[in-house]
Amino acid sequence: MSFTVAIDGPAAAGKGTVARALADHFGFAYLDTGLLYRAVGRKVLDAKQPLTDTAFALKMAQELGESDLLRDDLRNMETATAASAVAAMGDVRKALVSFQKSFAKRDGGAVLDGRDIGTVICPDADVKLFVTASEEVRAERRYKELSAKGDDTSFEAVLAALKARDAQDAKRDVAPMVQADDAVLIDTSTMSISDALAAAVDVVSKTYKSA
Ligand code: CDP
Ligand code: CDP
């Protein structure tokens, strides 16, 4: 039986942390859909093609393989910015839809996180969460993460990149980042990770028990 949890929200809000922990807690599978767009963006950067080349980005999306998702350079800021550029292309998004939809419907339950999961990929998800936090808190979290990995960046640079990416993701014509009408909002600005997880488990438990 399938049971789908859709999680959306802006950059570094804690979506992945909550999604992974929910998947562990309930025994569901987890898909980080941002990785798909990051991998496409990375391939465009590696090929030194302009981030406006839709035909090339589409080819990269169509050829995406599992090993492309396992690279260790998908989490840096350059890749995130490239991901947001290719994610604004309707053809690229279309090429990635069927994989995400079938993942969502797999037996045993699935959690997916991204920007359009509750609105486009799984409009009928059993549970929808919109995880957010203030810009400053999110930039601080991402800055800490990047610094810990040895990335020589500043808080100001991370904040500026995060704001630009959120604006691009929210304003694009295709599948913009928006809270679905039936999504439960979790603002993690002042929450620890365990508080955020407890809030998410609480919401899912209400529906999962009766599913
Ligand atoms: O997936 P998304 O980009 O939304 O965020 P994430 O990668 O799950 O979280 C970004 C960082 O914030 C990670 O280092 C988390 O450990 C940290 N964090 C969090 O996720 N939730 C909190 N309530 C506090 C910190
Ligand atoms: O972890 P973080 O929130 O910083 O980013 P991500 O979830 O890995 O997503 C990277 C980029 O991919 C986003 O800025 C979006 O442009 C795009 N994305 C999307 O358009 N739709 C999704 N379902 C997931 C990601």
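- Per an unreviewed UniProt entry, the protein chain goes by the name Cytidylate kinase and belongs to Paramylibacter ulvae.

1. Considering the site of ligand 2
Here's step 1: Around ligand 2 there are 19 residues in total, and K15, R38, R93, R142 and D169 lie nearest to it.
Here's step 2: The contact in question runs from an oxygen atom of ligand 2 to an N or O atom on the side chain of R115, over 2.9 Å.
Here's step 3: With respect to ligand 2, the side chain of R172 contributes an N or O atom lying 2.9 Å from an oxygen atom.
Here's step 4: Considering ligand 2 on its own, with 530 Å² of exposed area, one finds that the protein chains cover 97% of that surface.
Here's step 5: Most atoms of ligand 2, that is more than half of them, are within 2 Å of grid points of the largest pocket.
Here's step 6: Sorting the residues of the shell around ligand 2 by element identifies α2 (34-46), α4 (77-87) and α8 (155-171) as the ones contributing at least two each.
Here's step 7: Counted by class, the shell around ligand 2 contains 6 nonpolar, 4 polar and 9 charged residues.

2. So, the packing of α4 against α8
Here's step 1: Running from N to C, α4 and α8 cross one another at 15°; their axes reach a closest spacing of 10 Å. Judged by the angle between their axes, α4 and α8 are roughly parallel. Crossing angle aside, the handedness with which α4 passes α8 is left-handed. Contacts between α4 and α8 involve M77, A80, T81, S84 and A85 on the former and, on the latter, A157, V158, A161, R165, Q168 and D169.
Here's step 2: Across the contact of α4 with α8, the residue classes break down as 6 nonpolar, 3 polar and 2 charged.

Definitions and cut-offs
Residues numbered from 1 in each chain as written. Chains lettered and ligands numbered in written order. Predicted model: local features only at pLDDT ≥ 70, side-chain atom pairs only at ≥ 80, totals over all residues. Heavy atoms only, no water. Near = heavy atom within 4 Å. Polar contact = N/O pair within 3.5 Å; in protein donor to acceptor, adjacent residues only side chain to side chain. Areas by Shrake-Rupley, 256 points an atom, 1.4 Å probe, with all protein chains shown as cover. 1 Å grid on protein atoms, 1.4 Å probe; cavity = no way out; pocket = protein on both sides within 12 Å on 5 of 7 lines; lining within 4 Å. Sits in = over half its atoms within 2 Å of the grid points. Helix = DSSP H or I, 4+ residues; strand = E, 2+ residues; numbered from the N terminus. Nonpolar A, V, L, I, M, F, W, Y, C, P; charged D, E, K, R; others polar. Axes fitted to C-alpha atoms, helices over the stretch in contact; angles between N-to-C directions. Parallel < 35°, antiparallel > 145°, perpendicular 65-115°, else oblique. Left-handed = near helix turned anticlockwise from the far one by under 90°. Contact = heavy atoms within 4.5 Å.

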